Amino acid sequence: MPGIDLNYFIRQANKLTEKIEERKKQLAEETVEAKSGDGLVTVVVNCVQEVRSIKIDKSAIDPNDPGMLEDLITAAVNAALANSRQHMNSELAKISGGIKIPGIN
């Protein structure tokens, strides 16, 4: 097709991919947190889905009810991971203009 420079589009796509990959590296250092049980359990994760820390208030530890603590930890981890995914997707959408790129967002 006359007038269409496919190499230009390829270069632009490569630049976009580079920007997204660089932002992903930065997001690996950014963290989000979530709490459960009115703050009895706090989980911090980075934006590439790695748990960085879990803090448990002493009052959440009941030897007679380990299931409650398990539930609090599970809820906080799931919420933190959801926050992480949402933040990462939002940040990558800023770069890609909302375009879904397989394997990147």
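Residues numbered from 1 in each chain as written. Predicted model: local features only at pLDDT ≥ 70, side-chain atom pairs only at ≥ 80, totals over all residues. Heavy atoms only, no water.

## What to know about helix α1 (residues 6-27)
Quick note on the threshold: A run of DSSP states H or I qualifies as a helix once it reaches four residues; a run of E qualifies as a strand once it reaches two. Both are numbered from the N-terminal end. What a helix should span is 1.5 Å times the count of its residues minus one. Buried means the residue's accessible area, taken with a 1.4 Å probe over protein chains only, is under 20% of the maximum for its type, while exposed means over 50%, and partly exposed covers the values in between. By construction, the arc corresponds to the directions joining the helix axis to the C-beta atoms. Any pair of residues with heavy atoms lying within 4.5 Å of one another is described as a contacting pair. Here a polar contact is taken to be a pair of N or O atoms separated by no more than 3.5 Å, where protein atoms must pair a possible hydrogen donor with a possible acceptor and residues adjacent in sequence count only if both atoms sit in side chains.
For α1, with 22 residues, the first-to-last C-alpha span of 31 Å sits near the 32 Å given by 1.5 Å per residue. Considered for burial, the residues of α1 that qualify are I20, R23, K24 and L27. Within α1, the buried residues cover an arc of 105° as seen down the axis, which keeps them to one side. Set apart from the buried face of α1 by more than 90 degrees, the exposed residues are E18 and K25. The inward-facing, buried residues of α1 abut β2 (41-46) and α2 (66-96). N-cap assignment for α1: the residue whose side-chain oxygen lies 3.1 Å from the backbone N of N7 is D5.

## Considering the environment of A13
In this structure, A13 sits in helix α1. The class for A13 is partly exposed, based on a relative accessible area of 39%. Along the chain, A13 and S96 lie 83 residues apart, while their C-alpha atoms are 9.9 Å from each other.

## Details of a nonpolar patch on the surface
Test applied: Patch membership requires over 30% relative accessible area and the absence of a salt bridge. Like charges are linked within 9 Å, and nonpolar side chains (Val, Leu, Ile, Met, Phe, Trp, Tyr) within 5 Å. Note on areas: Shrake-Rupley, 1.4 Å probe, and residue coverage restricted to the protein chains presented here. Criterion for a salt bridge: a side-chain nitrogen of Lys or Arg within 4 Å of a carboxyl oxygen of Asp or Glu.
Taken together, the side chains of I4, L6, Y8, F9 and I10 present a nonpolar region at the surface, about 530 Å² in accessible area. In this structure, Y8 sits in helix α1.

## Some points on the nonpolar core
Rules: Throughout this description, the term nonpolar core refers to a set of buried Ala, Val, Leu, Ile, Met, Phe, Trp, Tyr and Cys residues connected via side-chain atoms within 4.5 Å.
If you look at the biggest cluster of nonpolar residues, it comprises 17 residues, and the most contacted ones within it are V41, V43 and V45. Within the residue set of this core, elements represented by two or more residues are α1, β1 (31-36), β2 and α2. Per-element accounting of this core gives the leading share, eight residues, to α2. Contacts of V45, omitting those with residues within four sequence positions, involve E30, T31, V32, E50, V51, R52, A80, L81 and S84.

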